[in-house]
Amino acid sequence: MSLQEFWDYLVLGVMLGSLYAVIAIGYTLVYGVLQLINFAHSEVFMLGAYGSLIVLQLVSPGDNPSALASIGFVALAMAGSALFGGVTAYGLEKVAYRPLRRRGAPRLIFLITAIGASFFLYNLAGKLFGRDPLPLPEMYQNREVFSIFGAGVNITQMLQFGTAVVMMIALDMLVNRTKLGKGIRAVAQDAEVAGLMGVNIDKVISRTFIVGGVLGGVAGFLFANLNQVSYTMGFIPGITAFAAAVVGGIGNIRGAMFGGILIGIVETMTVPLLGDEWRAVSAMVVLILVLMFRPMGILGERVGRAA
Amino acid sequence: MLNKTIVKLAIPLAVGALALTGCGSDSGSDGAVKIAFQGPLSGDNVALGENMQNGVKLAIEQANAKGDLDFELEYVAGDDQGLPDKATAAAQKIIDDEGVVAVVGPAFSGPTNTSSPLYAESGLVTVSPSATNPLLTDKENGFTSFLRGVPNDNQQGAGMATYYAKKLQAKKVYLIDDKTDYGVGLATVAEKSLKDAGIEVVKKSVPAKTPDYSATAKDVVNSKADALIYAGYYQDAAPFAKKLKDAGYKGAAISGDGTNDAKFVELAGDASENWFLTCPCTDATVEAGTKKFAEDYQKEFGRAPGTYSAEAYDITNMIIEEVKKSGADVEREALRDALAKASYKGLTKTFAFGENGEFKGTDVYLYQVKGGKIGYQGNINELAG
């Protein structure tokens, strides 16, 4: 691999990784407050993509929208995906997890419910939207904008990376600077004591789900913009992002960002070095190595502590 | 306490479920002669399955409408989602329906591979309009009920290679398979033919459902290949085509019958422009012999026939023709033996089978995406010159 190729793949890896990071945050947030792996998060992601598709079909961008209109279409699609993602995650918490929490169900039941909810949503989407993959209407003319170390970056990639970075920074500020963030951190550290101190636990938990759902939904839109929308699209990125969350330290928001980007780079670098068949293998090898030597993840669990 | 409740609930549920499945199996006693289709009727490549299903349905409907049959024909759907692990259940469902005398399909090579032992055991004949992996007719498999109604990938892969070597004079070809039975089979043949023609080949496997094709596309560009072969289905060919365009790939690209569907163009948009597609199938809307069929199809389903629609229609008619000879009380094994020996001139081609059910005939056709439509070019070997 030449130096130029190295930069090419590194840039692609960071792009892909930033998407994984945004999805991974959804897993980490929920784990932080509920100690639950929300396996239905990959369906929140998938439904977010459908949300953007529905909005775009309603406004139907023509063949060559102007630059300003393009920005509008992207914003609308993003809003649609955020809405779908947020509502799905909120509904999940309300219907699937809250009743269990009220009854003090054991951890295992939560996990099984999560898997069941995932199956349900996945098949429901297939039923509702059809089982055929659908293209996202084109919102702009994709072209190369600039290059980093000689690696060209086009509009789609800029949108992908830019949105991911903005969302991650916003989330970091939300968790560390706002009242809701304080609540999330308090519940993550010790829900019972937080409740005694006057934190409304139910409210904090459902808002945490909404935040994770919005991020996951938007990631779904960005992903669909790369490929296409289908009811099966959630599974592979979902599992990869979950691995990324564990690699970074599940429960740790900055860890999820770091783990996502790391996994993205590892997967992408695998393609020229070993071939595409090995990309999932190499991601899982990273996961296993991290678990062997640092079971709490590279950055460890720390939603509950001031980051 | 919880455990007791579960047990209390579980027993009647289990008994009920067993009773239901028991009832389900004697649905074949209504006397009609049934023809089944097995292929993807849901899942990622559903468009390919629906093309064929409609052909089968149309043939059955027309035969019933004609009124010269002394029995009623009925259609049975077997959905395998195009996945090998779902295929056995779909096949078993068809086999258990006693009214079914023949199956059109399975559509894909992987599902054919896993479900054919079941069909062989039950003596129920399957005539596939589209499963092209060469190994399916291998004697060692013992797929005694499998007949292939299409030239296999030895022809398709060789056709691609010949076209690249002679017509486009490619120097280096980047060859990708999607790790499915179909993709690997096609790529293996293409690789051999390309190497025989003295062309340098870079062969890679990119599993279907890879979430991001950017890195692969970059790899194609970096390899300096001037031509590309993608052996897989449209669901993955489409995002890959998009990424190739983004990565600035300028060479030729070709894919096989698994990609040859309008859905490919719809999903890939501009990026599919100029892609070559091969298929052992003709274009029903262009060829003179299938014009009437294409009109009927359009009238019935509100769209033009797709890949293998006409072939599935032909095969269904071939089955009906054989059933007619023996009447409504036709036996599965007898029909299988009769079909294996039959020669039927359909609208698209003559269906006749050689040893182990292999199709006699080798014609492969070339298509190219032009202006957002899949345009029919003609016989690939004649075009290559």
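Going by the structure above, here's the rest.
Model, not experiment: these values are computed from the prediction. (Residues numbered from 1 in each chain as written. Chains lettered and ligands numbered in written order. Predicted model: local features only at pLDDT ≥ 70, side-chain atom pairs only at ≥ 80, totals over all residues. Heavy atoms only, no water.)

1. Re the overall build of chain B
The condition is simple: To qualify as a helix, a DSSP run of H or I must reach at least 4 residues; to qualify as a strand, a run of E must reach at least 2; elements of each kind are numbered from the N terminus. All radius of gyration figures rest on C-alpha atoms, and the globule criterion is 2.2 Å times the number of residues raised to 0.38. Think of it in three bands: with a 1.4 Å probe and only protein chains considered, a residue is buried below 20% of the maximum accessible area for its type, exposed above 50%, and partly exposed in between. Note on definitions: a residue-residue contact is assigned when non-hydrogen atoms from the two residues lie within 4.5 Å. For the area figures, the Shrake-Rupley method with a 1.4 Å probe applies, and any residue is considered shielded solely by the protein chains shown. The convention is simple: Lys and Arg are positive, Asp and Glu are negative, and His and the chain ends are not counted. Here the site of a charge means NZ on Lys, CZ on Arg, CG on Asp, or CD on Glu.
Tallying secondary structure elements over chain B gives 13 helices and 14 strands in all. In summary, chain B has a C-alpha radius of gyration of 22 Å against a globular reference of 21 Å for 385 residues, a match within 12%. Once the C-alpha set of chain B is aligned to its principal axes, its extents read approximately 65 × 65 × 45 Å. Classification of the 385 residues of chain B by burial places 58% in the buried group. A fraction of 71% describes how many contacts in chain B between residues 6 or more apart in sequence connect residues 24 or more apart. In the structure as shown, chain B presents an accessible area of about 15400 Å², 53% of it carried by carbon and sulfur atoms. If the 40 positive side-chain charges of chain B are averaged to one point and the 52 negative ones to another, these points end up 7 Å apart.

2. Let's talk about a nonpolar patch on the surface
Residue and element names in this part refer to chain A. Counted only if it meets this: Patch definition: residues with relative accessible area over 30% and no salt bridge; like charges joined within 9 Å; nonpolar side chains (Val, Leu, Ile, Met, Phe, Trp, Tyr) joined within 5 Å. Any carboxyl oxygen of Asp or Glu that lies within 4 Å of a side-chain nitrogen of Lys or Arg is treated as forming a salt bridge with it.
Taken together, Met1, Leu3, Phe6, Leu273, Leu274, Trp278, Val281, Val285, Ile288, Leu289, Met292 and Phe293 make up a surface patch of nonpolar side chains, about 1200 Å² in accessible area. For the nonpolar patch, the secondary-structure elements that each account for two or more residues are helix H1 (3-34) and helix H11 (279-293). If one sorts the elements of the nonpolar patch by residue count, H11 sits on top with six residues. Along the chain, valine 281 falls in helix H11.

3. Quick look at the sheet that holds strand E5 (residues 146-148) of chain B
Residue and element names in this part refer to chain B. Under the convention used in this document: Should DSSP find at least two bridges between two strands, the strands are taken to pair. Each axis is a line fitted through C-alpha atoms, and for a helix only the stretch in contact is used; angles between axes span 0 to 180 degrees, taken between their N-to-C directions.
Read across the sheet, five strands follow the order E2-E1-E3-E4-E5 without closing on themselves; strand pairing throughout is parallel. This sheet does not close on itself; its edge strands, each paired only once, are strand E2 (73-79) and E5. Ignoring which end each strand starts from, the neighbouring axes of this sheet average 25° apart. Where strand E1 (residues 33-39) lies against strand E3 (residues 100-104), four bridges are found, and the strand directions are parallel. Each bridged residue has a counterpart across the sheet, and for phenylalanine 37 the counterpart in E3 is valine 104. Sitting on the sheet, helix H12 (residues 332-341) touches E3, strand E4 (125-128) and E5, and the angle it makes with E3 is about 40°.

4. Things to note about the packing of helix H5 (residues 155-177) of chain A against helix H8 (residues 201-226) of chain A
Residues and elements named next belong to chain A. Filter applied, for reference: For this classification, under 35 degrees means roughly parallel, over 145 means roughly antiparallel, 65 to 115 means roughly perpendicular, and everything else is oblique. Residue classes follow a fixed rule: Ala, Val, Leu, Ile, Met, Phe, Trp, Tyr, Cys and Pro count as nonpolar, while Asp, Glu, Lys and Arg count as charged, and any other residue, Gly among them, counts as polar.
Relative to each other, H5 and H8 sit at 175°, their axes nearing to 10 Å. One element, H5, and the other, H8, form an angle in the roughly antiparallel class. Facing H5, whose interface residues are Thr156, Leu159, Gln160, Thr163, Met167, Leu171 and Leu174, H8 presents Val211, Leu215, Val218, Leu222, Asn225 and Leu226. Looking at the contact of H5 with H8 residue by residue, the class counts come to nine nonpolar, four polar and no charged.

5. Quick look at the pairing of E2 of chain B
Residues and elements named next belong to chain B. Selection criterion: Crossover handedness is defined here as right-handed if the route from the first strand over the helix to the second strand goes clockwise, with the strands pointing away from the viewer.
Alignment of E1 against E2, held across seven bridges, turns out to be parallel. Looking across to E2, one finds that isoleucine 35 is bridged to tyrosine 75. Read from E1 through helix H2 (residues 46-66) to E2, the crossover connection turns out right-handed.

6. Comments concerning the interface of chain B and chain A
As a reminder, the rule being used: A quick way to say it: buried area is the sum, across both parts, of accessible area lost when two parts are put together, with a 1.4 Å probe. Contacts described as polar in this section are N or O atom pairs within 3.5 Å, which, within protein, must combine one atom able to donate a hydrogen with one able to accept it, while residues neighboring in sequence count only if both atoms come from side chains.
The interface of chain B with chain A comprises 29 residues on the first partner and 27 residues on the second. Considering only the side of chain B, the residues that lose the most area to chain A are Pro211, Asp212 and Ala215 of chain B, jointly responsible for 20% of the buried surface there. Our count for the contact surface shared by chain B and chain A stands at two salt bridges. Of the charged contacts, one joins lysine 263 of chain B and aspartate 132 of chain A as a salt bridge, the two residues approaching to 3.3 Å between their closest N and O atoms. Our enumeration of links across chain B and chain A arrives at 15 residue pairs in polar contact (both at pLDDT 80 or more). Going through the elements one at a time, H2, helix H7 (214-222), helix H8 (234-247) and helix H9 (262-268) of chain B are the ones with two or more residues in the side of chain B that touches chain A. No other element matches H8 of chain B, which puts seven residues into the side of chain B that touches chain A. Looking at the side of chain B that touches chain A residue by residue, the classes come out as 10 nonpolar, eight polar and 11 charged.

7. Let's talk about H8 of chain B
In plain terms, the rule: Helix span, as expected, comes to 1.5 Å for every residue beyond the first.
Across its 14 residues, H8 of chain B extends 19 Å between first and last C-alpha, which sits within 8% of the 20 Å expected from 1.5 Å per residue. Counting buried residues in H8 of chain B gives 11 out of 14 residues, a clear majority hidden from the surface. Along H8 of chain B, the residues that are buried comprise Tyr234, Gln235, Asp236, Ala237, Ala238, Pro239, Phe240, Ala241, Lys242, Lys243 and Leu244 of chain B. Buried residues in H8 of chain B make contact with H8 of chain A together with H2, strand E6 (172-177), H7, strand E8 (227-231) and H9 of chain B. Positive backbone phi, at 85°, marks glycine 248 of chain B, one or two positions downstream of H8 of chain B.

8. Re the packing of aromatic side chains
Put simply, the test is: Aromatic pairs are defined between Phe, Tyr and Trp rings, using the six-membered ring for Trp, whenever the two ring centres lie within 6.5 Å; interplanar angles under 30 degrees are classed as stacked, those over 60 as edge-to-face, and all others as tilted. Over a ring means this: the NZ of a Lys or the CZ of an Arg is within 6 Å of the ring centre and within 35 degrees of the ring normal.
Tallying each qualifying case throughout the model produces 21 aromatic pairs over all chains. Ring geometry for tyrosine 50 of chain A and phenylalanine 129 of chain A: centres 4.3 Å apart, planes at 15°, overall stacked. One end of the pair, tyrosine 50 of chain A, is in helix H2 (residues 41-59); the other, phenylalanine 129 of chain A, is in helix H4 (residues 107-129), with 79 residues separating them in the sequence. The class for phenylalanine 129 of chain A is partly exposed, based on a relative accessible area of 24%. An aromatic cluster is present here, built from Phe293, Tyr297, Phe301 and Tyr313 of chain B joined pairwise through their rings. For the cation-ring pair, lysine 349 of chain B lies above phenylalanine 359 of chain B, with the distance from its terminal atom to the ring centre recorded as 5.0 Å.

9. Details of the side chain of asparagine 51 of chain B
Residues and elements named next belong to chain B. Tracing the chain through its elements places asparagine 51 in helix H2. A relative accessible area of 5% places asparagine 51 in the buried class. A distance of 2.8 Å separates the side chain of asparagine 51 from the side chain of aspartate 261, its partner in a polar contact. In this structure asparagine 51 touches Asp261, Tyr297, Gly306, Thr307 and Ser309, once residues within four positions along its chain are discounted.

10. As for the sheet that holds strand E7 (residues 200-205) of chain B
Residues and elements named next belong to chain B. Read across the sheet, seven strands follow the order E7-E6-E8-E9-E10-E13-E14 without closing on themselves; strand pairing throughout is mixed. Edge positions in the sheet fall to E7 and strand E14 (373-379), since each has one partner strand and no second. In this sheet, adjacent strand axes meet at a mean angle of 25° when their direction is disregarded. Sheet analysis places E6 next to E7, joined by six bridges and oriented parallel. The residue of E7 that forms the bridge with valine 173 is valine 201. Sitting on the sheet, helix H5 (residues 153-167) touches E6, E8, strand E9 (252-255), strand E10 (276-279) and strand E13 (365-370), and the angle it makes with E9 is about 165°. Here helix H6 (residues 181-196) sits on the sheet and contacts E6, E7 and E8; the angle it forms with E6, its principal contact strand, is near 165°.

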